[in-house]
Structure formats: structure tokens, C-alpha cells
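One letter stands for each residue in the lines below.
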Amino acid sequence: MNDLLKNVTAASLFKKLEAREVSAEELARAYLDRAETLKRLNAYVHLDADRILDQARAIDADRAAGKPLGPLAGVPVAIKDLLCVEKEPTTCGSRMLKDFRPPYDATVIKKLREAGAVLFGKTNMDEFAMGSSTETSFHGPTLNPWDETRIPGGSSGGSAAAVAADLAPVSLGSDTGGSIRQPAAVCGIVGLKPTYGRVSRFGLIAFASSLDQIGPFAHDLTDAALLLQAISGRDENDATSVDRPVPDYVASLDRKPDSLRIGVAREFFGEGLDPEVEAAVREAIRVYEKAGATIKDVSLPHTRYGIPAYYVVAPAECSSNLARYDGTIFGHRALDWSPKHPGEEELHPLVRMMMASRAEGFGAEVKRRIMLGTFALSAGYADQYYNQALKVRRLIRDDFDAAFKDVDVILGPTSPTPAFKLGERSKDLLAMYLSDVYTTTANLAGIPGLSVPCGLTKSGLPIGLQLLAPAFAEESLLRIARVFERETDWHLKRPELS
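Before going into details, it helps to say that this report is about the structure given with it. If you're wondering where the values come from, they're calculated on a predicted model, not measured in any experiment. (Residues numbered from 1 in each chain as written. Predicted model: local features only at pLDDT ≥ 70, side-chain atom pairs only at ≥ 80, totals over all residues. Heavy atoms only, no water.)

1. Section: the overall build of the chain
Item 1. Helix and strand counts for the chain come out as 16 helices and eleven strands.
Item 2. Computed over C-alpha atoms, the radius of gyration of the chain comes to 22 Å, within 12% of the 23 Å expected from 2.2 N^0.38 for 498 residues, which places it in the range of a compact globule.
Item 3. Overall, the chain is about 70 × 55 × 45 Å in size when its C-alpha atoms are taken along their principal axes.
Item 4. Within the chain, buried positions represent 60% of all 498 residues.
Item 5. Expressed as a percentage of contacts within the chain between residues at least 6 apart in sequence, the contacts between residues at least 24 apart total 76%. (Helix = DSSP H or I, 4+ residues; strand = E, 2+ residues; numbered from the N terminus. Rg over C-alpha atoms; globule rule 2.2 N^0.38 Å. Buried < 20%, exposed > 50% of the residue type's maximum accessible area, 1.4 Å probe, protein only. Contact = heavy atoms within 4.5 Å.)

2. Thoughts on helix α16 (residues 474-487)
Item 1. Given a rise of 1.5 Å per residue, 14 residues ought to cover 20 Å, and the 20 Å separating the end C-alpha atoms of α16 matches this to within 8%.
Item 2. The buried fraction of α16 is high, at ten of 14 residues.
Item 3. Residues of α16 that are buried include every one of E474, L477, L478, R479, I480, A481, R482, V483, F484 and E485, and no others. (Expected span 1.5 Å × (residues − 1).)

3. Quick notes on the pattern of salt bridges
Item 1. Across all of its chains, the model carries 30 salt bridges by this definition.
Item 2. A salt bridge links D175 to R181; the shortest N-O distance between them is 3.0 Å. Comparing D175 with R181 shows no difference in burial state: the two are buried.
Item 3. Among the ionic pairs, R397 bridges to D401, the shortest N-O distance being 3.2 Å. Of this pair, R397 and D401 both sit in helix α13 (residues 386-403), four residues apart, which is roughly one turn of the helix.
Item 4. When its relative accessible area of 25% is taken as the criterion, R397 is described as partly exposed.
Item 5. A single salt-bridge network, built from bridges that share partners, covers E25, R29, D54 and R57. (Salt bridge = Lys/Arg side-chain N within 4 Å of Asp/Glu carboxyl O.)

4. A short note on the pairing of strand β3 (residues 118-123)
Item 1. For β3, the buried fraction is high: six of the six residues fall into the buried class.
Item 2. By the bridge criterion, four bridges tie strand β2 (residues 76-80) to β3 in an arrangement that is parallel. When the sheet's bridge partners are listed, K80 is paired in β3 with T123.
Item 3. Handedness of the β2-helix α4 (residues 107-114)-β3 crossover: right-handed. (Pairing = 2+ DSSP bridges. Right-handed = clockwise from strand over helix to strand, strands pointing away.)

Structure below.
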């Protein structure tokens, strides 16, 4: 590894840039070289070296001229490939959008530019963010830097792998049912899903609009706080973003928490939890006890219905959001829509074109979820499935509200298992979906969730600790997580890559 990139963080790189120990261009070139060396991981699906270096040179020029610069000036930030970056390919990991170049920036991209970040490539992901392993991507799977025979989690696997492998100091992902926290856990880094409404979704290509939220990946909590602060805030382009002051997450991070009451959800320690994962999380509880925390058992009784409710609500919203991709305005258009099955000759040519375009443009998992969602919303079934799922969603939120009356955060494992082998669950969809069994409820409730590294298995695979907090309590969540980070060194561990 280039010594410049060894064990660095975004905060440490910014200090070097400010001290003129390194230029933004030198830093960008170092990351570009490393990305080329580790191309086999397939973390990036698009890297435009010229555009990256142009950004870096512009930052260097502004710094030399003494212009005021943002808190990320010259720091590379990798971007999940569902966030619109003007004139850059934004594919959502799908053939449907393989040629799409947005005419505008997502709000979080604008905010990163204002902070001086160097937008460093687009990272691989499960197609339209539907998956837990980054295996459904049109661009092929991403490999886990800790064990290249294993998955990096999903759907933000490329963003997680990029940070874990030091292909970028920090990155952005999105979390619909665990797609930041689960990859962070199995890649041994920090991943934060903010409260729904804390970060604008404008320019995020939607999967499930009431669940999606953008958040940071980082090696430590300081970098996560730095990136969260840069992207948070009300946006007039997103009616669901909330007009609340954005705390100074970085300045408050090392302050002692006002209270350290930790709830341990008994429903997070049941059937299917890997023994090594449980042991690491139990040890994390002991670390908190030694730090003076009050530990209390809590119950979230409707957790068992989280996965069933999620797999009604999310596919229903996916069915609606992805209806726009029909080959008429944008997206993949089939060249051949001649009749191929009995009865198709009676269909209008436009209908055949739409059918052929969607059949070619979407992968199997996306088609599966569109069909599930369309069925759940269809006449005669909406009351039976979709409306029932919304009632369960309310009960899940009520469970959290009740628990947070007595505790500040709720603790448990992020993922029930370490990273599994590539292809291991491709045909066992239930096992794949259960990868998110501990994460989906936070999305349904709209609360923030954080995964931090808390151990390694005997075979050297990372384990993640999840902390959940009340809505808009990210500041408290980060400070409580910082207590654990100060007492351990798991966040300093990095994979050995040849």
C-alpha cells in the first residue's frame, strides 16, 4: 500500500492537506492507483480519473489562493451508484439505467461539493438497492476485502468494500432495510443510517420512498460524524426532509454522554444468531458495563413481524417507483418487441415494447419484488397485505417509543452472521432476506441506527454491533458509540490485501 494511504482517516487526511504535507491531486492519484491495483474487488463501477483530478487541482488552487474551504476540502468520497451526479453514469447496478447520465446533482452531492470533497467514483450495489450481498448487480458481485470468497453485504456493498479496502477514506451509501449497517458490519467499518428526514433524498434513485435514507461509511466515528454533518439538513426539493437544526456532531463527539442507559433487546438474541457474533456482542455489553453504563433488558415484541412487514411495504413502493422504467422516456429500450408468445400479436406495439424493455432491463430479484409489490397493492389484496403491513409498522414504532422511555439506545448484533460465501444464499431467498432481520425495523420506525466493529471471528471475519436511538438523536447515538470506540481497538483493524 502507498504509505500515504496507510491507516488514514478523512480527518487525518484533511489535517495533512491543510498543513500542505500532501496536495489533493497527490492524494487523488494515490487512491486512483490503489483502485487500479485492487480492481478485482469490483468495488467501483465508474472511475473518471480526469474528472477526479480536475476536482483535486481546483481544491489545490483554492487552498493556495487562501480561499475559505470546507471541512472535507480535498478529501475523496466514494458515491453509491444510485446518487445522481451531473453527467456521470448513474446505473443503480442495473441494465435498465446503464446509459443514464443525470442532468443534475443530488442534494447530498451538492453538499459534498460545498464541503470541498473530491467526488471519487461510483460504487457497486445490488440492482436498484434490492439485495443483501451486492450479487444482483448488473456489473457483477463485489468481493469482501477481508475474504474475497465472501460477500461484502448489500445493497451498499461497493461503498463498504471501498472504505474497508482503503480505496476511499469515506463513502456514501443508502439504507432501506439495513443496506448501510449490514455491509458495514461484515466489512468491519462504521455505517450510519440517519433518521428518516435528516438527510435529503432528492437525487436518490428511489427503491422504497418511505424507507430509503442516505448515510456515511467510515473507519471511525469521527469521520462518520464529519460526513453526516456535511450532508444533513432541510432541503426544499425534498418534502420529507425535516426542518431541524443540524448539531455539530464532530464537536460534541467526545463529550461524555448525558446519560448512558443501554437497552438490550431480547428479540435480537434468538434463533439464527451465530454463536461467535453473540459472544462478541455480549462482550461489548461488558465493555459498556465497565464504562459505567446501566444495562437493562428491553422487549420489542413486534420485531418478529419486521421482515414480513418490510417485504410487503418495500416491494409495494418498489412496484410504484419502478413503474416509470418502461422504455418510453428513459431507461433501457428493447430493440426487438415482435410477438414471441401466443396472444402477444393482439397487443399494441407500444405495450409489447414496454414488456420487452422491462424483461430485458431488470434482473431476477428486481422482477420478483415488483411482482410481489404489484400483487400486494392489487384490488382485493391491498387490505389483506399492504394495509395490514402498515398497521404492523405502527406497532413496531410503538415498541421503540415505549423502550426509549427507559433507555437511551438499544443494543444488539447488526447481522445475525458474519459474511457468507458468494453464491451461498442465491437460491435460498429466505436465508438471504433474514440477513436483515435486525435492521429492517429501524427503517420501518424511521429511527437512526449505527453499526460499529466489535470483533472478529476465529476465521478473521468482522462482526458488527448495532446501536439504535430515538428519532433525531444522532448526536447522542454517536457519543454513546464513542464510549465503546474509546475502550476498544476494533475500528483500527484493517484487512491485509495483496
